[in-house]
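Analysis of the macromolecular model
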Amino acid sequence: MSVDVVGLTTEYFKVWNAHDVAGIEALHAATSTLHDWDGTHGPTAADVSKGIGGIWTAVPTIKIEVVDIYACGSDLTCVANIKVIVDADTTLKICDVIEYDAAGKVVSLNAYLAK
């Protein structure tokens, strides 16, 4: 079975924008991590979703706009260029490197902030 990393990544950001903690947890593998410029969450899907939920609590209007998603054949890793719209005055340019397992669950997400 081929894993559609572009489709999975598109769905991931839809769930992220819905601020759905349970939905994000369901998209992560049981053992998974999220690392960004501000911290690391893991080693479980519950830890990751709790960490992301904390972002939504702190910044209730935050949302993500997908700019581009890059994939390479059947590789289970993709790169997503996104804009994180924090508020009307603050938009962050981010590059996410997302690794999936064979079941299509996120095993790692590393988010890089443009400087």
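Described in the following lines is the structure provided in the data block. Keep in mind that what you see is a predicted model, and the values were worked out from it rather than measured.

**Details of the environment of D87**
Looking at the secondary structure, you find D87 in strand 4 (residues 77-87). In this structure the C-alpha to C-alpha distance between D87 and T61, which are 26 residues apart in sequence, comes to 6.7 Å. A polar contact of 2.8 Å, which involves the side chain of D87, links it to the backbone nitrogen of D89.

**Quick look at the side chain of S32**
Along the chain, the position of S32 falls in strand 1 (residues 28-36). A polar side-chain atom of S32 sits 3.3 Å from a polar atom in the side chain of H28. A polar contact is formed between the side chain of S32 and the backbone oxygen of A29, at a distance of 3.2 Å. Non-local contacts of S32, meaning those with residues more than four positions away in its chain, are made with H41, G42, P43, T44, A45, V48, V106 and V107.

What counts as what
- Residues numbered from 1 in each chain as written.
- Predicted model: local features only at pLDDT ≥ 70, side-chain atom pairs only at ≥ 80, totals over all residues.
- Heavy atoms only, no water.
- Helix = DSSP H or I, 4+ residues; strand = E, 2+ residues; numbered from the N terminus.
- Polar contact = N/O pair within 3.5 Å; in protein donor to acceptor, adjacent residues only side chain to side chain.
- Contact = heavy atoms within 4.5 Å.

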